[in-house]
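Each chain is listed here by its residues.
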Amino acid sequence: MIRLLYAVLHEEMEEDFVDYLPNGLGHYEVMLFRVPVLIEQNKKWKQYPVNTCILYHPDQPIHYKAASGKLIYDWIRFDCDEPFFTEKFIPFGKPFPCYDYYNFNHYWEAIAYENIAGYRTRDYVLTQLMLILLYRLHDYAWRHQNVPYQNALENLKDEISLNPAYDWTLNEMATRINISVRLLQKLYKELFGVSCMEDVIQTRIALAMHLLKNTESSIKNISELCGYKNVEHFCRQFKKRTGNSPLEFRRMN
């Protein structure tokens with residue numbers, strides 16, 4: 001049985017917020033960070049990029065904070081006694097990347113909606129949605145453990161997440177890892193489920209969404225901060241991936 005307690009989208013905490021629970025929450029909690037995040041493990045801090053997931057066991061110590069600025073994340077708190085739900089299914093307390101956030105996010109939104117919608121079938125529907133979510137997290141957590149050049153590719157992905165405005169090119173990415181462009185594209189897609197340049201675009205759009213919601217900067221200035229030299233091109237890519245123009249998105253949020 002799965003019992004949902006809370007499902008929250010786009011939680012935004014102040015810049016000095018640190019979540020520290022040495023004895024855990026007493027419930028399972030899964031988090032998806034929308035900004036680079038620092039997570040403590042084995043008494044050492046490590047920085048993880050945008051769209052990092054982590055699932056905590058009820059009795060597991062929790063300690064994390066934003067790498068810089070505000071902490072923005074989605075989280076779900078729940079109880080689960082399903083026999084399959086063990087350390088071997090999803091490793092507890094170990095961060096892993098959410099490869100295709102824009103598709104995966106639909107499940108998260110559906111859970112948050114069903115939790116407050118008040119339908120008579122709420123519990124049944126939430127159980128089914130949570131099962132889908134957990135199985136998808138399982139896929140992410142165990143995906144391609146031994147891809148060639150994995151460490152170098154993960155470092156490259158971190159650099160993209162931390163510097164989305166940089167003028168990234170396939171040739172430069174391949175040179176950093178010392179492999180061909182063709183091999184780079186093959187291994188990157190195999191490891192992360194998205195092409196190199198699409199990952200750059202998704203990271204830029206995520207930054208743009210944050211700036212549109214939390215600043216009064218002009219659309220032109222935001223496009224430049226996100227690495228676009230042409231504001232019209234930025235607006236086209238933003239609408240293609242969010243369904244709204246930058247101005248529409250700002251008004252809605």
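See the structure above.
Below is a summary of the structure that appears in this document. Not measured: the values here are computed from a predicted model.

## Some words on the sheet that holds strand β9 (residues 96-97)
Right, on to step 1. Taken together, the five strands give an open sheet; going across it, the order is β1-β8-β3-β6-β9, and neighbouring strands pair in antiparallel fashion. Both edges of this open sheet fall to β1 (2-13) and β9, since each of them pairs with a single strand only.
Right, on to step 2. Seen against the sheet, helix α1 (residues 101-117) touches β1, β3 (28-33), β6 (52-56) and β8 (71-80) and runs at an angle of roughly 115° to β1.

## Regarding the pairing of strand β4 (residues 37-41)
Right, on to step 1. Here β4 pairs with strand β5 (residues 44-48) via five bridges, running antiparallel. Paired with Ile39 across the strands is Lys46, a residue of β5.
Right, on to step 2. Across three bridges, the pairing between β4 and strand β7 (residues 62-66) is antiparallel. Counterpart to Ile39 in the pairing with β7 is Tyr64.

## Things to note about the environment of Gly26
Right, on to step 1. Relative to the helices and strands, Gly26 resides in the loop between β2 (18-21) and β3.
Right, on to step 2. Once the C-alpha coordinates of Gly26 and His57 are considered, the two residues, 31 residues apart in sequence, prove to be 8.0 Å apart.
Right, on to step 3. Beyond its immediate sequence surroundings of up to four residues, Gly26 is in contact with Pro58 and Asp79.

## Topic: a nonpolar patch on the surface
Right, on to step 1. Where nonpolar side chains cluster on the molecular surface, the patch consists of Val18, Tyr20 and Trp45 and spans about 300 Å² of accessible area.
Right, on to step 2. Here Tyr20 is to be found in strand β2.

## A short note on helix α3 (residues 150-162)
Right, on to step 1. Here α3 contains 13 residues, and its C-alpha end-to-end distance of 18 Å stays within 8% of the 18 Å for a straight helix at 1.5 Å per residue.
Right, on to step 2. All buried positions along α3 are accounted for by Gln150, Leu153, Leu156, Lys157, Ile160 and Ser161. In a view along the axis of α3, the buried residues occupy a sector of 140°, so they form one face of it.
Right, on to step 3. Considering only its buried residues, α3 is in contact with α4 (170-177), α5 (181-192) and α6 (196-214).

## A short note on the sheet that holds β7
Backbone-to-backbone hydrogen bonds pair the strands of a sheet. The strands run either parallel or antiparallel.
Right, on to step 1. Taken in spatial order, the four strands line up as β2-β7-β4-β5 in an open sheet, and their pairing is antiparallel. In the strand order of this sheet, the two ends are held by β2 and β5, each with one partner. In this sheet, adjacent strand axes meet at a mean angle of 20° when their direction is disregarded.
Right, on to step 2. As paired strands, β2 and β7 are joined by four bridges and run antiparallel to one another. Bridging across to β7, Asp19 finds its partner in Tyr64.

## Focus: the packing of α4 against α5
Right, on to step 1. Interhelical geometry of α4 versus α5 gives an angle of 85° and a closest axis separation of 9 Å. With respect to α5, the axis of α4 lies roughly perpendicular. For the pair α4 and α5, the contacting residues are Leu170, Asn171, Met173, Ala174 and Ile177 in the first and Val181, Leu184 and Gln185 in the second.
Right, on to step 2. Its residues assigned to classes, the contact of α4 with α5 comprises six nonpolar, two polar and no charged.

## A few points about unusual backbone geometry
Right, on to step 1. The phi dihedral of His10 falls on the positive side, at around 55°, and the residue is not glycine.
Right, on to step 2. Inspection of the secondary structure puts His10 in strand β1.
Right, on to step 3. Even without being a glycine, Asn178 presents a positive backbone phi close to 65°.
Right, on to step 4. Secondary-structure assignment places Asn178 in the loop between α4 and α5.

## Some thoughts on the nonpolar core
Right, on to step 1. In terms of nonpolar packing, the biggest core is built from 48 residues, with Ile76, Phe78, Phe85 and Leu137 touching the most fellow members.
Right, on to step 2. Ranked by residue count, the leading element in this core is helix α2 (residues 122-141), at eight residues.
Right, on to step 3. Setting aside residues up to four positions removed in sequence, Phe85 forms contacts with Tyr28, Leu55, Phe78, Cys80, Ile90, Phe92 and Leu134.

Rules used throughout
Note on numbering: residues in each chain are counted from 1, in written sequence order. Only residues with pLDDT of at least 70 are given local features in this predicted model, and only at 80 or more are side-chain atom pairs given and counted; all residues enter the totals for whole chains, interfaces and linings. Neither water nor hydrogens contribute to the side-chain values; these are computed over all heavy atoms in the structure. Here, a strand pair is defined by DSSP locating no fewer than two bridges between the strands. Helix and strand assignments follow DSSP, with helices taken as H or I runs no shorter than four residues and strands as E runs no shorter than two, numbered in order from the N terminus. By definition in these notes, contact holds between two residues if any of their heavy atoms fall within 4.5 Å. In this analysis, axes come from line fits to C-alpha atoms, helices being fitted only over the stretch in contact, and the angle between any two N-to-C directions falls in the range 0 to 180 degrees. Here a patch means residues that are over 30% exposed by relative accessible area and free of salt bridges, tied together within 9 Å if like-charged and within 5 Å if nonpolar (Val, Leu, Ile, Met, Phe, Trp, Tyr). Note on areas: Shrake-Rupley with a 1.4 Å probe; residue coverage comes only from the protein chains shown. Any carboxyl oxygen of Asp or Glu within 4 Å of a side-chain nitrogen of Lys or Arg constitutes a salt bridge here. One fewer than the residue count of a helix, multiplied by 1.5 Å, yields its expected span. When accessible area is computed with a 1.4 Å probe and restricted to protein chains, residues below 20% of their type maximum are described as buried, those above 50% as exposed, and intermediate ones as partly exposed. Along the arc lie the directions from the helix axis toward the C-beta atoms. Any angle that is under 35 degrees is reported as roughly parallel, and any over 145 degrees as roughly antiparallel; angles of 65 to 115 degrees are reported as roughly perpendicular and all others as oblique. Gly is put with the polar residues, along with every residue not named as nonpolar or charged; the nonpolar set is Ala, Val, Leu, Ile, Met, Phe, Trp, Tyr, Cys and Pro, and the charged set is Asp, Glu, Lys and Arg. For the purposes of this section, nonpolar cores are sets of buried Ala, Val, Leu, Ile, Met, Phe, Trp, Tyr and Cys residues that join through side-chain atoms within 4.5 Å.

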